There are 2 protein chains.
Amino acid sequence: MNIEKMLPSILRHENVARIEDDVLLIGDRRKLPFRREFYKAYDASDAACAIRMMVTQGGGPLETALQAMVLTARKFGKNMDELRKAGDMLASARKTNTTMKRELASLLDEFETMGSRAFADAAQELVNSRLEEYDEKYLAMAECGCRLIKDGDGILTTCFPEHSFFLSLSLAREAGKRFTVYAQETRPYLQGAHLTAPSLAELAFDHYLITDNMAAFLISSGKVNIYMTASDLATRRKWVINKLGTLSSAISCHAYGVPYYAFSMGFDDAYATLSGKEVEFRDPQEVKECQGIPVTGADVMALYPCFDVIPPEYVSAIVTPDEILR
Amino acid sequence: MNIEKMLPSILRHENVARIEDDVLLIGDRRKLPFRREFYKAYDASDAACAIRMMVTQGGGPLETALQAMVLTARKFGKNMDELRKAGDMLASARKTNTTMKRELASLLDEFETMGSRAFADAAQELVNSRLEEYDEKYLAMAECGCRLIKDGDGILTTCFPEHSFFLSLSLAREAGKRFTVYAQETRPYLQGAHLTAPSLAELAFDHYLITDNMAAFLISSGKVNIYMTASDLATRRKWVINKLGTLSSAISCHAYGVPYYAFSMGFDDAYATLSGKEVEFRDPQEVKECQGIPVTGADVMALYPCFDVIPPEYVSAIVTPDEILR
């Protein structure tokens, strides 16, 4: 099944990351929706840097990292030292989401078993087949997501909820369900305003962009009946890490009996609970600005924790390609 | 007791609204903290318009409206028709907060009993004595607020929490208590970033500006132990209306056993519960912009409800000048 036509353009593989003339072109999500630009990475270290600088986010870093491994293979052939170095750099560019780390490790294992002849082409083929596998997994999650959406629902989401969410909406529409999506803007980086709301408009879904403090208003007044997000980390005991703001919305949903579902490519078995897990703090200057323009006085102090840890009592279910953990 | 030195400059009477040469100068909170400007109102209709356009907010409209009544008295003397017309225009400039309406009605009752000679001067005196009474009420609430703050507290607040909050902090500091204030930026108008955080910095209180989606993170990690806001409307059955975002934070506080206190000048006895009360919606364009600059695509739809209705189960107490309603 070709899922590309059910996705917003930002999520099509060629717009996330692709190699052209030995350069890795990474779709620059920082400029969207105002400008469509690609960031040029010339090696894995460039690509790692782009991930750190939020050129791409959500599921983007995973595709970017895999293509950066192909770029490394084109440059060095089957040089496992260089490939491992590249893998380490890329994996450490994202501290919280560990899917990329696991996928890079398994890619390196496969590289190990491959012959040296025409290695770069074989690496590209392997990565392409991985991307196809992800598409199948996204679709499996979306089939479940579609079943969770009821006709007439108000659907809340936070940050950029990725493939599984948009595919869920597309399948639900095909099934004749009507719904309205409420997209939180997701300060300070505004992924909801920059990426999610324009993607919903592009696919012509009924939607409203809201500020991050409006969710409880909509939930308490019955406008929101279901909350769905992607996740950066999920465990088998039903803990979730996702973008800042998810905990607040999940608690409000719980208070009013609205279910919260997180999509996850798979569980990280390195963790049982995530209780007390330290999350990344970023530069507080981001909070003192909006789109680079100051919002407060220079002498004001600010804080920027960038993820929420959501305990199981506020998570109705985690949807993975293989199972629904309730 | 002179409370002026315990308040940020923005809250001093002369910076809220004052008459000079038959012009009402209204401190323009839309320009803060970047520029200190006064909006010039030449009559009550100008002043009502300034209130509608959010030139002043929180407790500002009440002081502005009273001074606009003095301006009307200077223009027309004791002309009850003109004075009543002015009162109606001013009261209708704010739909949700009803304190101003009650205070204008009682001012008009007093005007009625006054002689026509030197009426404008008498009106100014009456308004000045009202402002002094408010100061005493703010201080009475602050004495209670100070008792609620414990040494070492993390104090969360939303929007611009007005006199009683800043006075509570000043009294708590005088009493030797240490605390940190977390101010939510309060999108889309950014009153927290524009007014509250700079006021905290001005008074040298330990503080952090946070985005509106961070409260649950700080509450769940034990950094926030008490939540305090002003309120736009409060009832004897412990319902509160306050700026959008208050419900979300109050629910998160409740989930983690953190008390929420709202300051109110008095109860509106026109309401028992506020269940199902319609709140004001403003221009959704505000959500599509931040400080006048687009944050999303032109074809995106947005919503802007501007107040939250907080039911009694999420309100620990309402602090008024006369009593604490628990």
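Going by the structure above, here's the rest.
As a convention, each chain's residues are numbered from 1 in the sequence order in which they are written. Chains carry letters from A onward and ligands carry numbers from 1 onward, assigned in written order. pLDDT decides what is reported in this predicted model: residues at 70 or higher carry local features, side-chain atom pairs at 80 or more are listed and counted, and totals for whole chains, interfaces and linings draw on all residues regardless. The basis for the side-chain values is all heavy atoms of the structure; hydrogens and waters are excluded.

Undergrad: Quick one: what's the story with the interface of chain B and chain A, residue by residue and with numbers?
TA: By a widely used convention, the size of an interface equals the accessible area lost when the partners come together. Across the boundary between the two partners, chain B contributes 54 residues, which contact 54 residues of chain A. The term buried area refers to how much accessible surface (probe radius 1.4 Å) is lost by two components on association, counted for both of them together. Carbon and sulfur atoms make up 68% of the surface buried where chain B meets chain A, a total of about 4,200 Å² over both sides. A per-residue breakdown of the area chain B buries against chain A is headed by Asn-213, Phe-217 and Leu-303 of chain B, which together make up 15% of the total. Each salt bridge in this description consists of a side-chain nitrogen of Lys or Arg and a carboxyl oxygen of Asp or Glu lying within 4 Å of one another. Residues Arg-187 of chain B and Glu-185 of chain A are paired through a salt bridge, measuring 2.8 Å at the closest nitrogen-oxygen approach. Polar contacts, as counted here, are pairs of nitrogen or oxygen atoms within 3.5 Å of one another; within protein the pair requires one atom able to donate a hydrogen and one able to accept it, and residues that are adjacent in sequence qualify only if both atoms are side-chain atoms. Between the two partners, chain B and chain A, sit 21 residue pairs in polar contact (both at pLDDT 80 or more). Segments assigned H or I by DSSP are reported as helices when at least four residues long, segments assigned E as strands when at least two residues long, and all are numbered from the N terminus. Taken together, the elements giving at least two residues each to the side of chain B that touches chain A come down to helix H8 (191-202), strand E6 (207-210), helix H9 (215-220), helix H10 (246-255), strand E12 (293-294) and strand E13 (307-310) of chain B. Per-class residue counts for the side of chain B that touches chain A are 37 nonpolar, 12 polar and 5 charged. Every residue pair with non-hydrogen atoms within 4.5 Å of one another is taken to be in contact. Each residue is assigned to one class: nonpolar for Ala, Val, Leu, Ile, Met, Phe, Trp, Tyr, Cys and Pro, charged for Asp, Glu, Lys and Arg, and polar for all the others, Gly among them.

Undergrad: Talk me through helix H3 (residues 60-76) of chain B; I want residue IDs and the actual numbers.
TA: Residues and elements named next belong to chain B. An expected span of 1.5 Å times one less than the residue number is assigned to each helix. Counted at 1.5 Å a residue, the expected span for H3 with its 17 residues is 24 Å, and the 24 Å between its end C-alpha atoms agrees. For the exposure calls, accessible area comes from a 1.4 Å probe over protein chains only, and a residue counts as buried if that area is under 20% of its type's maximum, exposed if over 50%, partly exposed in between. Of all 17 residues in H3, 14 are buried, a share of seventy percent or more. Where H3 ends, the next residue or the one after it, Gly-77, has phi of about 65 degrees, a positive value.

Undergrad: Tell me about the pairing of strand E10 (residues 260-263) of chain A, and name the residues and values.
TA: All names here are of chain A. Burial of E10 is two-sided: the residues Tyr-260 and Ala-262 facing one way and the residues Tyr-261 and Phe-263 facing the other way are all buried. With 3 bridges connecting them, strand E7 (residues 226-229) and E10 associate as parallel partners. Counterpart to Met-228 in the pairing with E10 is Tyr-261. Two strands pair if DSSP finds at least two bridges between them.

Undergrad: Quick rundown of the relation of the copies chain B and chain A? Include the residues and the values.
TA: Rotating chain B by 180 degrees and translating it 0.0 Å along the rotation axis places it on chain A, where the RMSD comes to 0.0 Å. What the superposition gives is, in effect, a two-fold axis relating one chain to the other. Relative to the rotation axis, the closest C-alpha in chain B is found at Asp-212 of chain B, a distance of 3.0 Å. Comparing contact sets, 100% of the residues at the interface of chain B also lie at the interface in chain A, consistent with an isologous, same-surface contact. Least-squares superposition aligns the copies on the C-alpha atoms of those residues with pLDDT at or above 70 in both.

Undergrad: Please give an account of the pattern of salt bridges that cites residues and values.
TA: Scanning all chains against the criterion turns up 40 salt bridges over all chains. One salt bridge connects Glu-162 of chain A with Arg-29 of chain A, and the closest N-O pair in it is separated by 3.6 Å. Residue Glu-162 of chain A is located in helix H7 (residues 162-174), and its partner Arg-29 of chain A is located in the loop between strand E2 (23-27) and strand E3 (38-41); the two are separated by 133 residues in the primary sequence. The residue Asp-151 of chain B makes a salt bridge to Arg-178 of chain B at a minimum N-O spacing of 2.6 Å. Taken together, the residues span a long stretch of sequence, with Asp-151 of chain B in the loop between helix H6 (119-148) and strand E4 (153-157) and Arg-178 of chain B in the loop between helix H7 (162-174) and strand E5 (179-184) at a distance of 27 residues. One network of salt bridges, with partners in common, ties together Asp-28, Arg-30, Lys-31, Arg-35 and Glu-37 of chain A.

Undergrad: How would you explain the nonpolar core if you had to name every residue and give the values?
TA: A general feature of soluble globular proteins is that nonpolar side chains tend to end up buried together. The biggest cluster of nonpolar side chains holds 94 residues, and the ones touching the most others in it are Leu-156, Tyr-260 and Ile-310 of chain A together with Leu-156, Tyr-260 and Ile-310 of chain B. When near neighbours in sequence (up to four residues on either side) are disregarded, Tyr-260 of chain B contacts Tyr-227, Thr-229, Ala-230, Val-240, Thr-246, Ala-250, Ile-310, Tyr-314, Val-315, Ser-316 and Ala-317 of chain B. Note on terminology: a nonpolar core comprises buried Ala, Val, Leu, Ile, Met, Phe, Trp, Tyr and Cys residues joined through side-chain atoms within 4.5 Å.

Undergrad: Explain the packing of helix H3 (residues 60-76) of chain A against helix H6 (residues 119-148) of chain A residue by residue, including any values.
TA: Residues and elements named next belong to chain A. Axis definition: a line fitted to C-alpha atoms, over the contacting stretch in the case of helices. Angles run 0 to 180 degrees between N-to-C directions. Where H3 meets H6, the axes come as close as 8 Å, and the angle between the chain directions of the two elements is 170 degrees. Taken together, H3 and H6 sit at an angle that is classed as roughly antiparallel. Of the residues in H6, those in contact with Leu-62, Glu-63, Leu-66, Gln-67, Val-70, Ala-73 and Arg-74 of H3 are Phe-119, Ala-120, Ala-123, Gln-124, Val-127, Arg-130, Leu-131 and Tyr-134. Split into classes, the residues belonging to the contact of H3 with H6 amount to 10 nonpolar, 2 polar and 3 charged. Note on angle classes: values under 35 degrees are labelled roughly parallel, values over 145 roughly antiparallel, values of 65 to 115 roughly perpendicular, and the remainder oblique.

Undergrad: Explain the sheet that holds E10 of chain A to me, using residue names and the numbers behind them.
TA: The strands that make up a sheet pair up through hydrogen bonds in the backbone, lying either parallel or antiparallel. All names here are of chain A. The mixed open sheet is built from 7 strands, whose spatial order is E6-E5-E4-E7-E10-E14-E15. Strand pairing shows two members of the sheet lacking a second neighbour, strand E6 (207-210) and strand E15 (324-325), which therefore form its edges. By the bridge criterion, 5 bridges tie strand E4 (residues 153-157) to strand E5 (residues 179-184) in an arrangement that is parallel. Each residue of the ladder has a partner; that of Gly-154, found in E5, is Thr-180.

Undergrad: Pulling in residues and values, what's your account of the pairing of E4 of chain B?
TA: Residue and element names in this part refer to chain B. Among the 5 residues of E4, 5 are classified as buried, and the element is accordingly described as predominantly covered. Side chains of E4 alternate between two faces, with Asp-153, Ile-155 and Thr-157 and Gly-154 and Leu-156 buried alike. Since E4 and E5 lie parallel, the crossover through H7 that links them has a hand, and here it is right-handed. Both E4 and strand E7 (residues 226-229) contribute to a ladder of 2 bridges, which runs parallel. Considered in E7, the bridge of Ile-155 is made with Ile-226. Handedness of a crossover: with both strands directed away from the viewer, a clockwise path from the first strand across the helix to the second marks it as right-handed.

Undergrad: Summarise the layout of surface pockets; cite the residues concerned and give the values.
TA: Residues and elements named next belong to chain A. Taken as a whole, the largest pocket holds about 660 Å³ of empty space. In terms of lining residues, the largest pocket is bounded by 42 residues, among which Gly-58, Gly-59, Arg-94, Asn-97 and Asp-232 are the most central. Taken together, the elements giving at least two residues each to the lining of the largest pocket come down to helix H2 (44-52), H3, helix H5 (99-113), H6, H7, strand E8 (233-234) and strand E9 (240-243). A cavity, in this analysis, means grid points on a 1 Å lattice covering only the protein atoms where a 1.4 Å probe fits yet has no way out; a pocket is instead an open set bounded by protein on both sides within 12 Å along at least five of seven lines, and a residue lines either one if it has an atom within 4 Å of a point. Grid points are joined across faces, edges and corners, and a volume is the space filled by probe spheres set on the points.

Undergrad: Pulling in residues and values, what's your account of empty space enclosed by the protein?
TA: Residues and elements named next belong to chain B. Summed over the entire model, instances satisfying the criterion amount to 1 cavity of 30 Å³ or more. Counting residues per element, the ones that place at least two in the lining of the largest cavity are H3, helix H5 (99-113), H6, H7, strand E8 (233-234) and strand E9 (240-243). Of the residues belonging to the lining of the largest cavity, the class tally is 18 nonpolar, 17 polar and 9 charged.

Undergrad: Could you give me a rundown of the sheet that holds E13 of chain B, with the residues and numbers involved?
TA: Residues and elements named next belong to chain B. With respect to topology, 3 strands assemble into an open sheet ordered E8-E9-E13, the strand pairing being antiparallel. Here the strands that pair on one side only, and so sit at the sheet edges, are E8 and E13. As paired strands, E9 and E13 are joined by 4 bridges and run antiparallel to one another. Within the sheet, the bridge partner assigned to Ile-241 lies in E13 and is Val-309. Contacts between H10 and the sheet are confined to E9 and E13, with E13 contributing the most and set at about 35 degrees to the helix.

Undergrad: Kindly report on the state of the cysteines, identifying the contributing residues and their values.
TA: Our working definition of a disulfide is a cysteine sulfur pair at a distance within 2.5 Å. What the rule picks out here adds up to 0 disulfides over all chains. Lacking any disulfide linkage, Cys-146 of chain A is separated from the closest cysteine sulfur, that of Cys-144 of chain A, by 9.4 Å. Residue classification places Cys-146 of chain A among the buried residues on the basis of a relative accessible area of 11%. For Cys-290 of chain A, which is in no disulfide, the shortest distance to another cysteine sulfur is to Cys-290 of chain B and amounts to 3.2 Å. Cys-290 of chain A sits in the buried class, given a relative accessible area of 4%.

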